[in-house]
Amino acid sequence: MRSTMMDAPLQISRILDHGSTVHGTAEVVTWTGAEPRRMTYAEVGRAAARLAHALRDECGVTGDERVATFMWNNAEHLVAYFAVPSMGAVLHTLNIRLFPDQVAYIANHAEDRVVLVDSTLIPLLAKVIGDMTTVRHVVVAGGGDPAPLVAAAGDRISVHHWDALLDGRPDTYDWREVDERDAAALCYTSGTTGNPKGVAYSHRSIYLHSLQVCTPEGFGLGPTDRTLAIVPMFHAMSWGLPYAALFSGASLIMPDRFLQAAPIAEMIIAEHPTLAGAVPTIWNDLLAYLDSHEVDTSSLAEVIVGGSACPPALMHAFEERHGIRVIHAWGMTETSPLGSVARPPAGASGEDAWRYRYTQGRVPAGVEARIVGPLAEPLPADGTSVGELEVRGPWVTGRYVGDETPDEEKFRDGWLRTGDVGTLSPDGYITLTDRAKDVIKSGGEWISSVELENALMAHPDVVEACVVGVPDERWGERPLATVVLREGAGVGAQELRDFLAASVARWQLPERWAVIDAVPKTSVGKFDKKVVRSRYAEGGLEVRELAAP
Ligand code: ADP
């Protein structure tokens, strides 16, 4: 029997229409360092229509051409997020922090036709525009001299100014009806491991993902929220916050290029966010700032931390010292990115609830998760069997852009192999111990680098700790602990190891220690363990070796 339901495609233009009318008075606030800029969602709707007209009439975007963005989190980027897919084209968010040759590689791979760029990023784009062979148009948002772009790319590209290009165009657009399974947006993995690979989200997957972001089990976005979206729109779609915002009527506070702790604290004071999302590194910096400055954070009920494992010490510090609840979440570019959120089950309280909150959480309805062993055999969800996490679902990618068939290293029998290692509990909580390539294999046993890092970061003198496996004659591999110490702290390796011994098995305790100024980070602020390993291999670290414990 067929259903009697109407068939309306799940498409992004419907989210835009809804957000810009029903929630037309909600706003996107863009930080400028001085007076913030404000734009209502009704204005976002009109600007999106104007941009679509301009892209069609001046830049020849009539089908599924790729329109790239090279932008910070701001109102214009939000307009592009909606205009480009709504007109049937494909939004491609370029990661401004990748190496220039990677940016060019990605733009060419995606065959980008247009690039929308913030004027403050002109110097950065000028370095790569010459190598972007398919780009024909660049649109500059904000006043700035585009001469470096013209100098680099010559007359192969036409340069337009955002305001002049949109000025006078109609503020409605007859959004195309699309096939909901067609691509709406493209994002390339940041290449923590290997070359960036493209993921094409569909209208349908973004729509379903937005629903999920808005549920109380997800991020719980609603019309009374003001969401500080620190996680970049050029990385994993800012965790879906821009789409979820117009979906739910939550206002957005966009930091633009002001990502340091001091301006973020100012945004909190001035704009009263209720919710915020960022990687642990950002929260770590903000914590140090909050600890030493008077900041009214009373509006901020929850912050979402994901992208890397959130150290429990960070969660406790935010909650106990500043009254801000930290919610731990896991996801990947490949999973749109929201995979799991660590909210404790009904009835859990006290220490029990905390234990749930340290995990990576549960996947939402629609996404399935399983743990598999080395021979691809599914392992029991018993909370102790350790293996690779695999997921599948309607907003999980089934292959990479350009691949005819799924890459066997990343996909198996219709499941995405996440490369993350951990356990699954009978009640569905994922606990990740490491990335497969970061697990330290010591004499046939596995040591979790993340567990050692979390334990070390609980020491009051340790700001950051990054643990990697390094070659060892006897054991194959052993952990090397690199630590960043609080200014003026004099704690030594032996003392740190004694501290670790209270919570970590003796055989896992590192012999090799190095104090460093800062942990090297990837383009999206994650610990770059590749760099730490090669620094060690090249003898670039001052390593203190303790006798075996
Ligand atoms: P990249 O692979 O380039 O870092 P992604 O941003 O897609 O790009 O990263 C996804 C990966 O980030 C996951 O596979 C996982 O290893 C890590 N990750 C994300 N969230 C968490 C978390 N809460 N705990 C541990 N690891 C996480």
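Residues numbered from 1 in each chain as written. Predicted model: local features only at pLDDT ≥ 70, side-chain atom pairs only at ≥ 80, totals over all residues. Heavy atoms only, no water.

- You'll find the protein entered in an unreviewed UniProt entry as Fatty acid--CoA ligase, with Micromonospora thermarum given as the organism.

## Describing the sheet that holds strand β24 (residues 462–472)
Then comes step 1: Strands sit in the order β24-β25-β26-β27 across an open sheet of 4 strands; the sheet is mixed. Of all the strands in the sheet, the pair left with one neighbour each is β24 and β27 (544–545).
Then comes step 2: As defined by bridge partners, β24 adjoins strand β25 (residues 476–485) across 10 bridges and the pair is classed as antiparallel. The residue of β25 that forms the bridge with Gly469 is Pro479.
Then comes step 3: Each of β24, β25, β26 (512–515) and β27 is contacted by helix α15 (residues 493–501), which is oriented at about 120° to β26, the strand it contacts most. (Pairing = 2+ DSSP bridges. Helix = DSSP H or I, 4+ residues; strand = E, 2+ residues; numbered from the N terminus. Contact = heavy atoms within 4.5 Å. Axes fitted to C-alpha atoms, helices over the stretch in contact; angles between N-to-C directions.)

## Quick look at the domain arrangement of the protein
Then comes step 1: For the protein, the assigned domains are domain 1 (40–201) and domain 2 (440–545).
Then comes step 2: Distance between the C-alpha centres of domain 1 and domain 2: 41 Å. (Domains from an automatic or database assignment.)

## A short note on empty space enclosed by the protein
Then comes step 1: For the structure shown, the criterion picks out 2 cavities of 30 Å³ or more.
Then comes step 2: The computed volume of the largest cavity comes to approximately 60 Å³.
Then comes step 3: Around the largest cavity, the lining residues are Tyr201, Ile206, His209, Ser210, Met237, Gly240, Tyr243 and Ser336.
Then comes step 4: Top contributing element to the lining of the largest cavity by residue count: helix α8 (residues 203–214), with 3 residues.
Then comes step 5: Across the lining of the largest cavity, the residue classes tally to 4 nonpolar, 4 polar and no charged.
Then comes step 6: Taken together, His92, Thr93, Leu94, Asn95, Ile106, Cys187, Tyr188 and Phe234 make up the lining of the second largest cavity.
Then comes step 7: For the lining of the second largest cavity, the secondary structure elements donating two or more residues are β4 (90–93) and β8 (183–188).
Then comes step 8: Looking at the lining of the second largest cavity residue by residue, the classes come out as 5 nonpolar, 3 polar and no charged. (1 Å grid on protein atoms, 1.4 Å probe; cavity = no way out; pocket = protein on both sides within 12 Å on 5 of 7 lines; lining within 4 Å. Points joined across faces, edges and corners; volume = space filled by probe spheres on them. Nonpolar A, V, L, I, M, F, W, Y, C, P; charged D, E, K, R; others polar.)

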